[in-house]
Amino acid sequence: MNAQLARIIARFDQAKILLVGDFMLDRYVIGDAERISPEAPVPVLRVVERQDRVGGAGSVALNVLALGGKVHCFGLLGKDAFGDQVLKYLAEAGADITGLLRVDDRPTITKTRLVGLAEHRHRQQILRVDDELVCPPPAQVAQTLLERISAILAQVDVVCLEDYGKGLLSPQVCRAIIEAARRANRPVLVDPARTPEWEKYRRASVATPNWAELEIAAGRNLKREELTEAAGALARRLQIEALVVTLGRDGALLVQPDHHQHFPTIPRAVYDNTGAGDAVLAMLAVARAVGATMDQAIRLANIAGGLEVSKFGCVPITREEVLREVHEGLRRDRGKLRTLAELKEELTARRQRGETIVFTNGCFDLLHPGHVELLEQAKTLGSVLVVGLNSDESIRRLEKGKDRPIRKQEDRARMLAALEAVDYVVLFDEPDPGQLIEQLAPDVLVKGADWADRQIVGKEFVESRGGRVVIIDLVPGYSTTAELARIRGCSQDVIRR
């Protein structure tokens, strides 16, 4: 499956998407929140940074572009400076903005988020201020928009409706777009608003509600086991071909008239849910535009949504990031053993997601419970455990004995990889792991207690980068030397008999 997904990603530059929705400007005012105001019981924000980004449907557009596709944007912007910024950012990213109409009857939708920095670095949203006018567009404006959409339908592969409930995608506009797309034989993907009024999405190809949005559409709270029935009933009533219900860390649920399937996702640390739905819609659209099946498109959308929640704010997910995740899946398919070059690339990506890298090393010639205990404790110190494994040549240089290693490096690596606590195994030929540690730059270096009074290779390097060295107590009664002595003793007894 991962090989198929990689081939689909390679075709993303062929995707042409028509996007209609609520385009916005996301503003971030970031500062230290170190004290409470004497005027009221509220935090005082001392501003250290300001950021402006395109949001709403604009976030979907930027995600399409980051994935390598082309996007034609249709929506409304006010005749104001914020609207100028939205146009500027989209044009610079490569979007076709000729379908964005400037209007007098509303401001450009702007969301200003006040973000406090705990300990000067951990971001936490304190307050959001929305500048908007929520109402349907005037009839003449809607007609102009629909005429421009109809004129370009034949040039695109997929139509997307990104509905934030701000008025543009009124029932009349939605129905007109969906019917025009059906006549042109173009699929329509809808990211619905948080509204019970789903009649306007009738006959769409795919809708992508999250759990909460499905509950609003169904008019009741839903348990996990009720989602499939509720989604199926909604799809049948509105003649929607498929519902993709996004479930956060639990992945996604595909519901079609004659089929339903759950797609789990890779667990990640959730930093910010903002923009996850936009990333999912963009990926589904681009993947379907280049011929991916629903199964394949949802697997890719799971990856995009997972990457998005590990970032702060709406940050477009690039084709390279998704491809790297797919390649990591390919490598998972063949086990945990990596070359140094492969491992460096994967650890770089995991660091960017805020993961902590733990490293330990050894010969592991006869794997015993003491080894297992050390590795399991090491894994609790971070999110990724890398084991540096002495190669056969490295062990021979250590002069541990003429019969060492007892097992070949391939067998030792396979046994380590079978342990749940171990994420990666990498071989090294040098007598000590010093060079390997400098190449991998772990956050935590782990050694057994037998190293407590000895010079630990890599200690100075790890600590110089702000990392730490952790000594783990050994399990009494277990050591490779003792195990070998016992085995050899038993062998001599057998020979004498």
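Everything below is about the structure printed above this text.
Here's a quick rundown of the structure.

**Brief notes about the pattern of salt bridges**
Close approach of charged atoms allows side chains with opposite charge to pair.
Here comes step 1: Counted under the stated rule, the structure contains 24 salt bridges.
Here comes step 2: Two residues, Arg106 and Asp105, come together in a salt bridge whose shortest N-O distance is 2.8 Å.
Here comes step 3: Judged by its relative accessible area of 9%, Arg106 falls in the buried class.
Here comes step 4: Residue classification places Asp105 among the partly exposed residues on the basis of a relative accessible area of 29%.
Here comes step 5: Taking the shortest distance from any N to any O, the salt bridge between Glu229 and Arg220 comes out at 3.1 Å.
Here comes step 6: The exposure class assigned to Glu229 is partly exposed, which follows from its relative accessible area of 46%.
Here comes step 7: One network of salt bridges, with partners in common, ties together Asp32, Glu34 and Arg46.

**Quick look at the packing of helix 4 (residues 139-152) against helix 5 (residues 171-183)**
Here comes step 1: Closest axis-to-axis distance for the helix 4/helix 5 pair is 11 Å, and the angle between their directions is 15°. As far as their axial angle goes, helix 5 and helix 4 are roughly parallel. In the packing of helix 4 onto helix 5, the handedness of the crossing is right-handed. Only Val173, Ala176, Ile177 and Ala180 of helix 5 make contact with helix 4, whose side of the interface consists of Ala142, Leu146, Ile149 and Ser150.

**With respect to the environment of Arg27**
Here comes step 1: Within the element layout of this structure, Arg27 appears in strand 2 (residues 23-36).
Here comes step 2: Given a relative accessible area of 26%, Arg27 falls into the partly exposed group.
Here comes step 3: The sequence separation of Arg27 and Thr112 amounts to 85 residues, and the corresponding C-alpha distance is 4.5 Å.
Here comes step 4: Those residues in contact with Arg27, other than ones at most four positions away along the chain, are Gln51, Asp52, Phe82, Thr110, Lys111, Thr112 and Arg113.

**Considering the nonpolar core**
Here comes step 1: Judged by nonpolar contacts, the single largest core of 58 residues is most densely connected at Phe12, Ile17, Val71, Leu90, Leu300 and Val322.
Here comes step 2: For this core, the element with the most residues is helix 8 (residues 276-289), which contributes 10 residues.
Here comes step 3: Ignoring any residue separated from it by four or fewer positions in sequence, one finds Phe12 in contact with Leu67, Gly68, Gly69, Met283, Val286, Ala287, Val290, Leu300 and Arg319.
Here comes step 4: The next biggest cluster of nonpolar side chains, apart from the first, holds 46 residues, and it includes Ile177, Ala193, Leu234 and Val245.

The rules behind each value
Residues numbered from 1 in each chain as written. Predicted model: local features only at pLDDT ≥ 70, side-chain atom pairs only at ≥ 80, totals over all residues. Heavy atoms only, no water. Salt bridge = Lys/Arg side-chain N within 4 Å of Asp/Glu carboxyl O. Buried < 20%, exposed > 50% of the residue type's maximum accessible area, 1.4 Å probe, protein only. Axes fitted to C-alpha atoms, helices over the stretch in contact; angles between N-to-C directions. Helix = DSSP H or I, 4+ residues; strand = E, 2+ residues; numbered from the N terminus. Parallel < 35°, antiparallel > 145°, perpendicular 65-115°, else oblique. Left-handed = near helix turned anticlockwise from the far one by under 90°. Contact = heavy atoms within 4.5 Å. Core = buried A, V, L, I, M, F, W, Y, C linked by side-chain atoms within 4.5 Å.

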